[in-house]
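An overview of the molecular structure
The primary structure of each chain is shown beneath.
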Amino acid sequence: MSSLSAKDDCLAWAARDPSGVLAPYSFSRRAVGSDDVSLKITHCGVCYADLLSTRNLHGDSKYPLVPGHEIAGIVKEVGSNVHRFKVGDHVGVGTYVNSCRSCENCNDGQEINCAKGPVFTFSNVDTDGSITQGGYSSYIVAHERYCFRIPDNYPLASAAPLLCAGITVYAPMVNHKMNQPGKSLGVIGLGGLGHMAVKFGKAFGLNVTIFSTSVSKEEEALSVLGANRFVVSSDQEQMKALAKSFDFIVDTASGDHPFDPYLSLLKTAGVLALVGFPSEVKFSPASLNIGNKTISGSLVGGTKVTQEMIDFCAAHKIYPNIEVIPIQYANEALARLIKKDVKYRFVIDIENSLK
């Protein structure tokens, strides 16, 4: 049982209304149950989902709202039935913290596709009726099933973005067998998700091309991230020269953009995996039918593939490019996120700034 009382001992920053402005807040977490892990949060990544939720852009936000679903930290307490983790272990929590644990997808380690719907890490109703609160906070209590082991030699600040940005692009790549050397990968958008897709692509031995509307990103894309090619997507000549040359394209762009030009770049039976959230997806049926092409959707990954991804990053020394900030800078960070002014993920140093 928990040694914690139901006092408001969890420090956090929360939004109180759709202005999205974050300010200090304190609340109580649930008591540590027999299958739970209590995690002292050291770092939390800043995701575009944080911005969408704090400003109620999906229309379902629940205030006060503590965002953050790229959580890394150190175990401070475990329940009596927990055997996978012990006090002192480095652990991460990602975008969901519960599921039915009995449906076909849950039994297959695909909890994100739970038949009853996963319980997301913040601004969601948990099975006990409580509202989940995220990682812009001093600690979190989660069922051990939704906790991930972070190897001791992998920096916790670097681990945080893997729990959303990393797994969002890793899962569809592995699902579509794009972990086989020699294949050609296209990456649309070079932000938090896109830069991780490039890193995974290079580690898998793929030929990686970045598509971006920002010419200014070319030098860094090639010299720092190691992409094989950089294409300005608005340049029709560059695009036409690459027709029917890609096995797989991962589309990380959330802004509205045309799809037909990218579908024309796929080889026969090629796949475009959509991981962003544009307001609509429009394309000509011929773009899909001719060449047996596929558009696929993906939303993070189940617990099995998420742990696999973390272990892969540790084994291959893959680290997100991050800008570490104090919690007091969170509002400015979200404002910069709107302007795409980050290379490539903000990570909040919770441990040293949330007091």
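Everything quoted here is computed from the prediction, not taken from an experiment.

Conventions used here
- Residues numbered from 1 in each chain as written.
- Predicted model: local features only at pLDDT ≥ 70, side-chain atom pairs only at ≥ 80, totals over all residues.
- Heavy atoms only, no water.
- Buried < 20%, exposed > 50% of the residue type's maximum accessible area, 1.4 Å probe, protein only.
- Helix = DSSP H or I, 4+ residues; strand = E, 2+ residues; numbered from the N terminus.
- Pairing = 2+ DSSP bridges.
- Polar contact = N/O pair within 3.5 Å; in protein donor to acceptor, adjacent residues only side chain to side chain.
- UniProt positions renumbered as here; feature names shortened; annotations may be inferred.
- Axes fitted to C-alpha atoms, helices over the stretch in contact; angles between N-to-C directions.
- Parallel < 35°, antiparallel > 145°, perpendicular 65-115°, else oblique.
- Left-handed = near helix turned anticlockwise from the far one by under 90°.
- Contact = heavy atoms within 4.5 Å.
- Nonpolar A, V, L, I, M, F, W, Y, C, P; charged D, E, K, R; others polar.
- Salt bridge = Lys/Arg side-chain N within 4 Å of Asp/Glu carboxyl O.
- Core = buried A, V, L, I, M, F, W, Y, C linked by side-chain atoms within 4.5 Å.

**Looking at the pairing of strand E3 (residues 36–45)**
With 9 of 10 residues buried, E3 lies mostly within the body of the structure. In this structure, E3 lies alongside strand E8 (residues 139–143), joined through 5 bridges in antiparallel fashion. Paired with Lys40 across the bridge in E8 is Tyr139. As defined by bridge partners, E3 adjoins strand E4 (residues 71–78) across 7 bridges and the pair is classed as antiparallel. Its bridge partner lying in E4, Lys40 is registered against Ile74. Of the pairings in the sheet, the one linking E3 to strand E17 (residues 345–349) comprises 3 bridges and is antiparallel in character. Paired with His43 across the bridge in E17 is Asp349.

**Remarks on the side chain of Thr209**
Considering the arrangement of structural elements, one finds Thr209 in strand E11 (residues 207–212). For Thr209, a relative accessible area of 0% corresponds to the buried category. For Thr209, the side chain forms a polar contact with the side chain of Arg229, separated by 2.8 Å.

**Describing the UniProt feature "domain: Enoyl reductase (ER)" (unreviewed entry) in the protein chain**
Using the residue numbers shown here, the UniProt feature "domain: Enoyl reductase (ER)" (unreviewed entry) corresponds to residues 20–348. As a span, residues 20–348 carries 25% helix and 25% strand, and end to end its C-alpha atoms are 17 Å apart.

**A closer look at the packing of helix H4 (residues 165–175) against helix H5 (residues 192–203)**
Where H4 meets H5, the axes come as close as 8 Å, and the angle between the chain directions of the two elements is 50 degrees. Here H5 runs oblique to H4, going by the angle between their axes. Classified by chirality, the crossing of H5 by H4 is right-handed. Where H4 abuts H5, its residues Ala165, Gly166, Thr168, Val169, Tyr170 and Met173 lie against Gly192, Leu193, Met196, Ala197, Phe200 and Gly201. Considering only residue class, the contact of H4 with H5 consists of 8 nonpolar, 4 polar and no charged.

**Thoughts on unusual backbone geometry**
Cis geometry marks the peptide bond from Tyr63 to Pro64; its omega dihedral reads -5 degrees. Structurally, Pro64 can be placed in the loop between helix H1 (48–54) and E4. Cis rather than trans, the peptide bond between Lys343 and Tyr344 has omega equal to -10 degrees. With respect to the element layout, Tyr344 can be found in the loop between helix H11 (330–338) and E17. Here the phi dihedral of Arg101 falls at roughly 65 degrees; this positive angle occurs in a residue that is not glycine. Examined against the element boundaries, Arg101 turns out to sit in the loop between strand E6 (96–98) and helix H2 (104–107). Its relative accessible area of 33% is what places Arg101 among the partly exposed residues.

**Describing the pattern of salt bridges**
Overall, the coordinates contain 11 salt bridges when judged by the stated rule. The shortest N-O distance in the salt bridge between Asp89 and Arg149 comes to 3.3 Å. Placement of the pair is Asp89 in the loop between E4 and strand E5 (90–93) and Arg149 in strand E9 (residues 147–149), with a sequence separation of 60 residues. Asp89 gets classed as buried once you look at its relative accessible area, which sits at 6%. Each of the salt bridges in this network shares a partner with another, and the network as a whole consists of Arg30, Asp36 and Asp126.

**Observations regarding the nonpolar core**
Residues Tyr170, Leu185 and Phe200 are the most contacted members of the largest nonpolar core, which totals 55 residues. The element contributing the most residues to this core is H4, with 7 residues. In this structure, Leu185 is in contact with Met173, Met178, Ala197, Gly201, Leu206, Asn207, Val208, Thr209, Phe246, Phe248 and Val250, ignoring residues within four places of it in sequence. Counting residues in hydrophobic clusters, the runner-up holds 40 residues, among them Trp13, Val37, Val91 and Phe346.

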